[in-house]
Amino acid sequence: MKIIIIGCTHAGTAAAINTSKLYKDAQITVYERNDTISFLSCGIALYVGGVVKDVRGLFYSSPEQLRELGINTKMKHDVLDVDFDNKKIRVKNLETGEEFIDNYDKLIITTGSWPIIPKIEGYELQNILLSKNYYHANEIIKSVENIQNVVVIGAGYIGVELAEAFREKGKNVTLIDTQDRILSKYLDKEFTDLAEDALKKNGINLALSQTVVKFEGEDGKVKRVITDKGQYDADVVIVCVGFKPSTEMFKGKLDMLPNGAIIVDEYMRTSKRDVFAAGDCAAVWYNPTKSYEYIPLATNAVRMGTLAARNLVDNNIKWRGTQGTSGIKIYDLNIASTGLIEEVAKGKGLNVQTVTIEDNYRPEFMPTYEKAKLKVVFEKETGRIVGAQILSKHDLTSLMNIMSVFIQNEMTIEDLAFTDFFFQPHFNKPWNLLNLAGLSTL
Ligand SMILES: Cc1cc2nc3c(=O)[nH]c(=O)nc-3n(C[C@H](O)[C@H](O)[C@H](O)COP(=O)(O)OP(=O)(O)OC[C@H]3O[C@@H](n4cnc5c(N)ncnc54)[C@H](O)[C@@H]3O)c2cc1C
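Here we summarise the structure given alongside this text. Since this is a predicted model, take the numbers as computed values, not measurements.

Check the secondary structure of the protein and you find eleven helices and 25 strands. The C-alpha radius of gyration computed for the protein amounts to 23 Å, which stays within 12% of the reference 22 Å derived for 442 residues, consistent with globular compactness. Overall size of the protein, expressed as C-alpha extent along the three principal axes, is 70 × 60 × 40 Å. For the protein, the residues scored as buried account for 54% of the 442 residues in total. If you take every contact in the protein between residues at least 6 apart in sequence, the share linking residues at least 24 apart comes to 62%. By element, 48% of the accessible surface of the protein is carried by carbon and sulfur atoms, the whole surface being about 19800 Å².

Written out as structure tokens, the structure is:
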């Protein structure tokens, strides 16, 4: 069996390692256009902020490791086209310029995503940067070395993390977003208010409810960002307004969502026989809404890549769906969310009810304790839980992993009230915070 994997970061690495273990006699080839694999982009902000000292720590695999597994690992090779009917791909060796055809029995597409680049006048100026891969990380570090003013466009997870990291390095930081609050897809307002306070208290300039219309420069370098409401000095600009799937070459050939995310079934099979897709290039089945959504996360990518390998020959293990569970640390606030926030749930027409509780996470007789804020979103008629968020100075983020399990298994707010959780004063109260949220709705 001849297996080809296109693209090798998280989904590709998972697919490659698993196929090599599962199909000992297979001939496996990986084509990757860069010369690195498995870079953890989530470490970029930590690298910028100086928490991660050695960027090499942000890789967990390497071309050499894949070769040791017997995988024919072709770095600096760009796949240009796929002929699904004849099971052939056209590849360009980026070092020699040579183009050639290869053929497969099974194909795994893990081409990932690329940052959305808004059409803004002046975008071609120097020092307007993206934040996606290893090369971007190095470029960012180099560009901010001797400058003062950084503007980050896009207040999602990546933008917020970068804003904090630049501020930690003593830069003047402005964070711009068209929405009226940060992290507006992941957290409801009562949570983002607290997170915004933390950013502002630490000197980050929030420029919300405004849209960038123009970049102005001097000597070919960016100097100012102009929005519909103001202007901000900028020696470096980081654009992080979202991602789109890298699937242009499959358009019209594979079933996709309107944004180009490849639709896969629960076994990671695309609409073409023997062709699988995984990771940021694909849509995911989202349990809270029971629909396909685009949720580019490393967590989804590694699970999907593993499943593509496992299901390559037979339908073995099904995708359980995702809740898009995610976490972020903003200064001393530990925040996580899973599933739908109230605002998004209502926007999608779901008839939801919510419960928000605030309590100390452990008994007040303990030497220290911290307040926690927990919100659960559930369907009014059925009680089915569809989302949850938590924020505390104490790290309670793993409670959102529990809530993820509740959503995945279609459990209700009543289940939450009476599920057995342990009690020990070091860690919690006799009624766990999750129980309390459930109980207070009965
Ligand atoms: C700054 C940042 C922070 C993040 N933080 C988190 C986090 O904390 N938690 C989390 O879960 N997720 C996080 N993510 C998201 C996560 O990084 C992505 O979901 C993940 O990288 C997806 O992996 P992937 O393998 O599907 O795609 P990608 O990482 O996009 O990799 C695709 C690979 O395919 C290659 N490729 C594409 N087209 C071709 C072609 N035609 N030929 C050859 N090679 C090709 C590319 O070069 C690339 O190496 C973050 C992302 C960023 C940018």
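Further remarks concern the site of the ligand. In the neighbourhood of the ligand, 31 residues make up the surrounding shell, with Thr9, Glu32, Lys132, Asp280 and Leu297 lying closest. At 2.6 Å, a side-chain N or O of Glu32 approaches an oxygen atom of the ligand. A total of 990 Å² of accessible area belongs to the ligand in isolation, and the protein chains cover 88% of it. Elements represented by at least two residues in the shell around the ligand include exactly helix 1 (10-22), strand 2 (27-32), strand 4 (77-83) and helix 7 (298-310).

Turning to the side chain of Ser38, a few remarks are in order. Summarising the element assignment, Ser38 is placed in the loop between strand 2 and helix 2 (44-48). Look past the residues within four positions of Ser38 in its chain and what remains in contact with it is Cys8, Thr9, His10, Thr13, Leu58, Phe59, Tyr60 and Ser61.

Further remarks concern the environment of Met268. Inspection of the secondary structure puts Met268 in the loop between strand 17 (243-245) and strand 18 (275-277). Along the primary structure Met268 and Gly327 are separated by 59 residues, whereas in three dimensions their C-alpha atoms are 26 Å apart.

Let us look at the packing of aromatic side chains. Enumeration over the complete set of coordinates arrives at ten aromatic pairs. Ring plane angle 55° and centroid distance 5.3 Å describe the contact between Phe39 and Phe59, whose orientation is recorded as tilted. Taken as a pair, Phe39 in the loop between strand 2 and helix 2 and Phe59 in the loop between helix 2 and helix 3 (63-68) lie far apart in primary sequence, 20 residues in all. Aromatic side chains Phe422 and Phe427 sit 5.9 Å apart centroid to centroid with 80° between the ring planes, which places their arrangement in the edge-to-face category. Sitting over the face of the ring of Phe191, Lys373 holds its NZ or CZ atom 6.0 Å from the ring centroid.

This part takes up empty space enclosed by the protein. A water-sized probe, rolled over the atoms, reveals where empty space remains. Enumeration according to the criterion identifies one cavity of 30 Å³ or more in this entry. In this structure, the largest cavity spans a volume of roughly 30 Å³. Around the largest cavity, the lining residues are Gly279, Asp280, Ala282, Val284, Tyr294, Ile295, Pro296, Leu297, Asn300 and Met304. The residue inventory of the lining of the largest cavity, partitioned by class, reads seven nonpolar, two polar and one charged.

Basis of the calculations
Residues numbered from 1 in each chain as written. Predicted model: local features only at pLDDT ≥ 70, side-chain atom pairs only at ≥ 80, totals over all residues. Heavy atoms only, no water. Helix = DSSP H or I, 4+ residues; strand = E, 2+ residues; numbered from the N terminus. Rg over C-alpha atoms; globule rule 2.2 N^0.38 Å. Buried < 20%, exposed > 50% of the residue type's maximum accessible area, 1.4 Å probe, protein only. Contact = heavy atoms within 4.5 Å. Areas by Shrake-Rupley, 256 points an atom, 1.4 Å probe, with all protein chains shown as cover. Near = heavy atom within 4 Å. Polar contact = N/O pair within 3.5 Å; in protein donor to acceptor, adjacent residues only side chain to side chain. Phe/Tyr/Trp six-rings, centres within 6.5 Å; stacked < 30°, edge-to-face > 60°. Lys NZ or Arg CZ within 6 Å of the ring centre and 35° of its normal. 1 Å grid on protein atoms, 1.4 Å probe; cavity = no way out; pocket = protein on both sides within 12 Å on 5 of 7 lines; lining within 4 Å. Points joined across faces, edges and corners; volume = space filled by probe spheres on them. Nonpolar A, V, L, I, M, F, W, Y, C, P; charged D, E, K, R; others polar.

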